[in-house]
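Okay, here's what each chain looks like letter by letter:
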Amino acid sequence: MITSDRMAAVDENAEAFGVPRKQLMESSGNAVARAVRDIADPGAQVAVVAGRGNNGGDAFVAVRFLDDYDVTVHLLGRPETISTDIARENWDALEASEYDTRTVTDSKALGLGDPDVVVDAMLGTGVTGALREPEATAAEAVNDLDATVVAVDVPSGVDADTGTAAGVAVDADRVVTFHDEKPGLASLDAAVTVADIGIPAAAELFVGPGDLHHTRRSQSHKGDHGEVLVVGGGPYTGAPALSAQAALRAGADLVRVACPKSVAREIQGYSENLIVRPFDGDHLQPSHVDGLTALAADHDVVVFGPGLGDEDATLDAVADFLESYEGTAVVDADALQVVPEVDTDATLVCTPHQGELLKMGGKTADDWRERTDLVESFAAELGHVLLVKGAYDIISDGEVTRVNRTGNPGMTVGGTGDVLAGTTGALACVRNARHAAAVGAYANGRAGDAAVEENGYGLLATDLVDRLPVALRRDE
Ligand SMILES: NC(=O)C1=CN([C@@H]2O[C@H](COP(=O)(O)OP(=O)(O)OC[C@H]3O[C@@H](n4cnc5c(N)ncnc54)[C@H](O)[C@@H]3O)[C@@H](O)[C@H]2O)[C@@H](O)CC1
Ligand SMILES: [K+]
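In the nomenclature of an unreviewed UniProt entry, the chain is known as Bifunctional NAD(P)H-hydrate repair enzyme of Halogeometricum borinquense. Database annotation for the chain, UniProt heading Subunit (unreviewed entry): "Homotetramer."

### Looking at the coordination of the potassium ion (ligand 2)
Octahedral metals with six donors have ideal donor angles of 90 or 180 degrees. Tetrahedral metals with four donors have an ideal donor angle of 109.5 degrees. The protein atoms that coordinate the potassium ion (ligand 2) are Asn55 (OD1), Asp120 (O), Leu123 (O), Val152 (O), Val154 (O) and Ser156 (OG), at distances spanning 2.6 to 3.1 Å. Given 6 donor atoms and angles of 69 to 172 degrees at the metal, the environment of the potassium ion (ligand 2) is assigned as irregular. Each donor residue of the potassium ion (ligand 2) belongs to the same chain, and together they define the spacing N-x64-D-x2-L-x28-V-x1-V-x1-S. Highlighted residues: Asp120 in strand β4 (residues 117-121) and Ser156 in the loop between β5 (148-152) and β6 (174-178), separated in sequence by 36 residues. We note that Asp120, like Ser156, is buried.

### Focus on the packing of helix α10 (residues 289-296) against helix α11 (residues 312-324)
As a packed pair, α10 and α11 sit with axes 10 Å apart at the nearest point and diverge in direction by 40 degrees. With respect to α11, the element α10 is oriented oblique. Handedness of the crossing formed by α10 with α11: right-handed. Taken together, the residues of α11 that come into contact with α10 (itself represented by Val289, Leu292, Thr293 and Ala296) are Ala317, Asp320, Phe321 and Ser324. When its residues are assigned to classes, the contact of α10 with α11 shows 5 nonpolar, 2 polar and 1 charged.

### Focus: the site of ligand 1
In the region of ligand 1, 24 residues are neighbours, and Asp58, Leu123, Gly124, Thr128 and Asp153 sit closest. Here a nitrogen atom of ligand 1 and a backbone polar atom of Arg132 are 2.9 Å apart. In the model, an oxygen atom of ligand 1 is placed 2.7 Å from a nitrogen or oxygen of the Asp153 side chain. Here ligand 1, which alone exposes 880 Å², has 85% of that area covered by the protein. Elements that contribute at least two residues to the shell around ligand 1 include exactly α1 (4-16), α2 (21-39) and α3 (54-64). Here the shell around ligand 1 is composed, by residue class, of 9 nonpolar, 10 polar and 5 charged.

### A look at the sheet that holds strand β1 (residues 45-50)
Within the open sheet, the 7 strands sit side by side as β3-β2-β1-β4-β5-β6-β7. Their pairing is parallel. Two strands in the sheet have a free side with no partner beyond their single neighbour: β3 (101-104) and β7 (191-195). Geometrically, the sheet is characterised by an average inter-axis angle of 20 degrees between neighbouring strands, direction not taken into account. Across 4 bridges, the pairing between β4 and β5 is parallel. Among the inter-strand pairings, Asp120 is bridged to a residue of β5, identified as Ala151. Sitting on the sheet, α3 is in contact with β1, β2 (70-76), β4, β5 and β6, with an inclination near 140 degrees to β4. Of the strands in this sheet, β2 and β3 are in contact with helix α4 (residues 85-96), which crosses β3 at around 125 degrees.

### Things to note about the sheet that holds strand β15 (residues 393-396)
The 9 strands are arranged β10-β9-β8-β11-β12-β13-β14-β15-β16 in an open sheet whose pairing can be described as mixed. The open sheet has two edge strands with one neighbour each: β10 (275-279) and β16 (401-404). Here the average twist between neighbouring strands, direction ignored, is 20 degrees. Relative to β10, strand β9 (residues 254-260) runs parallel, the two being bridged by 5 bridges. Bridge pairing in β10 links Arg256 to Ile275. The sheet contacts of α10 involve β8 (227-231), β9, β10 and β11 (301-304), and relative to β8 the element is tilted by about 160 degrees.

The rules we used
- Residues numbered from 1 in each chain as written.
- Chains lettered and ligands numbered in written order.
- Predicted model: local features only at pLDDT ≥ 70, side-chain atom pairs only at ≥ 80, totals over all residues.
- Heavy atoms only, no water.
- UniProt positions renumbered as here; feature names shortened; annotations may be inferred.
- Donors = N, O, S within 2.8 Å, 3.2 Å for Na, K, Ca; no water.
- Tetrahedral: all angles 85-135°; square planar, octahedral: opposite > 155°, others 65-115°.
- Helix = DSSP H or I, 4+ residues; strand = E, 2+ residues; numbered from the N terminus.
- Buried < 20%, exposed > 50% of the residue type's maximum accessible area, 1.4 Å probe, protein only.
- Axes fitted to C-alpha atoms, helices over the stretch in contact; angles between N-to-C directions.
- Parallel < 35°, antiparallel > 145°, perpendicular 65-115°, else oblique.
- Left-handed = near helix turned anticlockwise from the far one by under 90°.
- Contact = heavy atoms within 4.5 Å.
- Nonpolar A, V, L, I, M, F, W, Y, C, P; charged D, E, K, R; others polar.
- Near = heavy atom within 4 Å.
- Polar contact = N/O pair within 3.5 Å; in protein donor to acceptor, adjacent residues only side chain to side chain.
- Areas by Shrake-Rupley, 256 points an atom, 1.4 Å probe, with all protein chains shown as cover.
- Pairing = 2+ DSSP bridges.

Structure representation (structure tokens):
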């Protein structure tokens, strides 16, 4: 089962991993032709009703695999309005080979005749809202025919994620959908075929550029890009400042740092971008928890742990806070060891390196594939998202597991974990926790790779912070 925004991400990852969309379209078209062959014998009359996007492109490919059928292609609009190169190239190929192609600009003139089969290729996952003209009239015309209707990917007008139609929709007998089931298809009374179109499994497993650009933004936050509270500092002062700067660079609108008064001036000293909220003393302890809980309520995400140290009183305070907290928190560094004993309704993203994972009671292995299984089962046991750092970062919520391959050996330098925690915290303001962890690991690694590319090894954690915006940006 795959939603349309995940499908777009997987599609873009496939392209990034060397399998371009035009190749996927060729496989899609071939699958559509096989479905027609399944329904009607050679010589049968086939009417292809095509839109101006890649859904139409799929059908233009299918036509080339149906030479022994009597095929007529009806393009709803002028060829120059075809909205993608790969669809246009497949249209031009039909013209060059003089297939029977017609362009329909007035839907009244949609002379479909009385075909045995109709291929509905007007719209697929690109539909927004109720069908407009000429697609709406065309859908009615298709529904009035006796023909067997084969829908490409999704019946035109139906929302692939919900199965509902905002207006008129094609009533398909068969749907040939690509790569994986779409949530909205199960509720239709059409027979659904899932066609494998050669997208490598890696395009779903490995985090890639598609994950950066196609993730549903969660609406459940206040500001545009969210407000993050970093709770850290004590024995260390750099760690919370790195996390806070990273959260700002990763897009948070506002970041505050709750830290012991003893280090507040030093932490403020790192940057005018930081807003410091000191609590008294020189380390976090249970008496601070009520104040922190109140402060946390004014933020979308809390990043808990950078530089806190592991005094017993501090760990007790972490446990007390997490027990009552019900929001989203990234838990890193010394605070991690507390998580397995805490019973909380909070959504936690734990970001251990492999040593910290062992301290939490998890297991690890040298081979990243084995680690994937171990992390997935430990995440399920914990009931939280795990982002286990390593040459390959493993991200799992116990159900879906992702692997991040960006980053380099230079990133073992101190502080890169603090940058990752802050980055993940900012992303968790606008993405679900598992996605925030996957994209956080990906962006952090890309920032580290960019730093090494420019300056060679001898990487500093601060080199990552300034490179996060580019690491998170859509590739030009
Ligand atoms: N994502 C993938 O991995 C793949 C997608 N493929 C095909 O690509 C399709 C998605 O293609 P696109 O993103 O180009 O979008 P579509 O081809 O589904 O539709 C986009 C076109 O429809 C128009 N449109 C949108 N809403 C409309 C409405 N309510 N009334 C009238 N016109 C409307 C848009 O202006 C645009 O021209 C999929 O359904 C599938 O068929 C395949 O090529 C296989 C690979
Ligand atoms: K369709």
